[in-house]
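Here is how the chains run, residue by residue.
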Amino acid sequence: MDFDDTPDEAAYRARVRDLLAEHAADLVHLDAGEEAADPREQEQALRRTQRVLADAGLVGVAWAAEHGGQAGSLAQQAIVGQELARARVPSLINHIGIGMCGPTVIAHGTPEQHEKYLARLLRAEDVWCQLFSEPASGSDLAALRTTAVRDGEDWVVNGQKVWTTLAHVSDFGILLTRTDPDRPKHGGLTMFVVDMHAPGVTVRPLRQMGGQSDFNEVFFDDVRIPDSERLGEPGEGWRVALTTLLNERVAVGGGGNDLGLSIESLARLAGEKLPGLPAERQVLARQAVGRAAVAALANRYTGYRRLTAISQGGLPGPEASAGKLAGTAAAKLVADAGVRLLGDDAVFAAAPGDGSGEDGAGRWQRNQAWLPGIAIAGGTDEVLRNIIGERVLGLPPEPREDKHRPFNASGSTR
Ligand SMILES: Cc1cc2nc3c(=O)[nH]c(=O)nc-3n(C[C@H](O)[C@H](O)[C@H](O)COP(=O)(O)OP(=O)(O)OC[C@H]3O[C@@H](n4cnc5c(N)ncnc54)[C@H](O)[C@@H]3O)c2cc1C
């Protein structure tokens, strides 16, 4: 494990810091006070932020130049991620497009699709979403039921997706459909690029317990998609989806970043709140802070180990599953400790959007409410444990009795 930048990486990091300082006035910052009250204004500000960063060469860092990228390394891309976090710039609005949809279009799209989509995606001129999960298929993704039926030069799509992050602001999505129910479930799938503004696409935001609406239900009623918008061959959708999921693993598990609020924020909050707590609560709060600090530091250093592997040209394997699992657990401990320090304030003070700043109660509450989602998105804790059991520990695989049966004869969705 190597914690230090190589000389080249250090020079690159310095250049990134300079660029971020130079463009600071044009970027959205997390500490800037209240989020824009109008979500549309906030969306526009986030699109503008990504465009400024793209024009400065800080988006699509590891993408090939022919696709509008900087032809840099994954280590450089991770450095940009770390420096954006350090500069308190929020996640890029098109993070799903950059992390998952774009790489899938690059790997399986035609030259015409590359030309049409990629540069616009990097500049957030188009925002993208990933339309995979359905009400009856999440962990068992290959059991999905949204159909696409060939009709002349088009495919006609009917069905429903759910939990689609960013669909409410998206212009395009990658859509996994069933095109051949007579084949086994993994064999009858086909992937498309879908225009989210096409007739027959309905997006309904879902409200989360933290108050915000980050994800959506999406309905498809006789939506026509030209065959030229297919990604990969008919029936090859599972292979295409694996490209997306591998890139999701790199995006989620590869960066060495903290999930949620940082240990530094927790230490600041502890310094402020601990002295005022009665002795018996102080003991418990100190223990909670200690446990969280250990877990968060272990997670950070495990992240550095992945980063070192990336920097040496590797890709994270099943250990990314362990990384995500440990990261989620650490993030929960950090948030729990924060709420314990806040005591009654965690319940009564600081509603979302009150401008209470980085360490204010509102931010801890929102983080607490967001955490159950982190343990589900990109693979639930249980599914990650299955992956670790099978691929790292070599335990016997789960029974998958429907794997080779035609989907429409499987009798169940599992
Ligand atoms: C914040 C967030 C953002 C998301 N964004 C997107 C998105 O942009 N696009 C998209 O397509 N989807 C998205 N999802 C959906 C996500 O991929 C699914 O929620 C996830 O795959 C789990 O599927 P499910 O909700 O259907 O739960 P299920 O798969 O039904 O699981 C229910 C429970 O059963 C457990 N379980 C399931 N199978 C097994 C097994 N084999 N062994 C042991 N336990 C098992 C699970 O761990 C879970 O506890 C998002 C979800 C969240 C929370």
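Residues numbered from 1 in each chain as written. Predicted model: local features only at pLDDT ≥ 70, side-chain atom pairs only at ≥ 80, totals over all residues. Heavy atoms only, no water.

Asks: Now, about the overall build of the chain: what can you tell me, with residues and values included?
Replies: When you go through the chain residue by residue, the secondary structure sums to 12 helices and 8 strands. Sorting the 414 residues of the chain into buried and exposed places 47% on the buried side. Carbon and sulfur atoms make up 54% of the accessible area of the chain, which amounts to about 19900 Å² in all. (Helix = DSSP H or I, 4+ residues; strand = E, 2+ residues; numbered from the N terminus. Buried < 20%, exposed > 50% of the residue type's maximum accessible area, 1.4 Å probe, protein only. Areas by Shrake-Rupley, 256 points an atom, 1.4 Å probe, with all protein chains shown as cover.)

Asks: Account for the site of the ligand, with residues named and values stated.
Replies: Near the ligand there are 18 residues, and of these Ser-133, Ser-139, Thr-165, Thr-380 and Glu-382 occur at the shortest range. One nitrogen or oxygen atom from the side chain of Thr-380 is found 2.6 Å from an oxygen atom belonging to the ligand. Computed on the free molecule, the ligand has an accessible area of 970 Å², of which 70% lies beneath the protein chains in the complex. Elements supplying a minimum of two residues to the shell around the ligand: strand S3 (154–165), helix H11 (361–374) and helix H12 (381–392). In terms of residue count, the dominant contributor to the shell around the ligand is S3 (3 residues). Taken together, the residues of the shell around the ligand break down into 6 nonpolar, 9 polar and 3 charged. Each of domain 2 (128–237) and domain 3 (255–392) accounts for three or more of the residues forming the shell around the ligand. (Near = heavy atom within 4 Å. Polar contact = N/O pair within 3.5 Å; in protein donor to acceptor, adjacent residues only side chain to side chain. Nonpolar A, V, L, I, M, F, W, Y, C, P; charged D, E, K, R; others polar. Domains from an automatic or database assignment.)

Asks: Any chance you could break down the nonpolar core for me, citing the residues and the numbers?
Replies: The biggest cluster of nonpolar side chains holds 49 residues, and the ones touching the most others in it are Leu-53, Leu-58, Trp-128, Leu-176 and Met-191. Listing elements by their share of this core, those giving two or more residues are helix H1 (7–22), helix H2 (39–55), helix H3 (74–86), helix H4 (95–108), helix H5 (111–122), strand S4 (172–178), strand S5 (189–195) and helix H6 (237–253). Looking at this core, you find at least three residues from each of domain 1 (7–93) and domain 2 (128–237). The next biggest cluster of nonpolar side chains, apart from the first, holds 17 residues, and it includes Leu-277, Ala-288, Ala-292 and Ala-296. (Core = buried A, V, L, I, M, F, W, Y, C linked by side-chain atoms within 4.5 Å.)

Asks: I'd love a proper account of the pairing of strand S2 (residues 147–151), names of residues and values included.
Replies: Along any regular strand the residues' side chains alternate between the sheet's two faces. Where S2 meets S3, 5 bridges bridge the pair, whose relative direction is antiparallel. Looking across to S3, one finds that Thr-147 is bridged to Asn-158. Hairpin connection from S2 to S3: 2 residues lie between these consecutive antiparallel strands, with Gly-152 at a positive phi of about 65°. (Pairing = 2+ DSSP bridges.)

Keep in mind that these numbers describe shape and distance, not what the molecule does.
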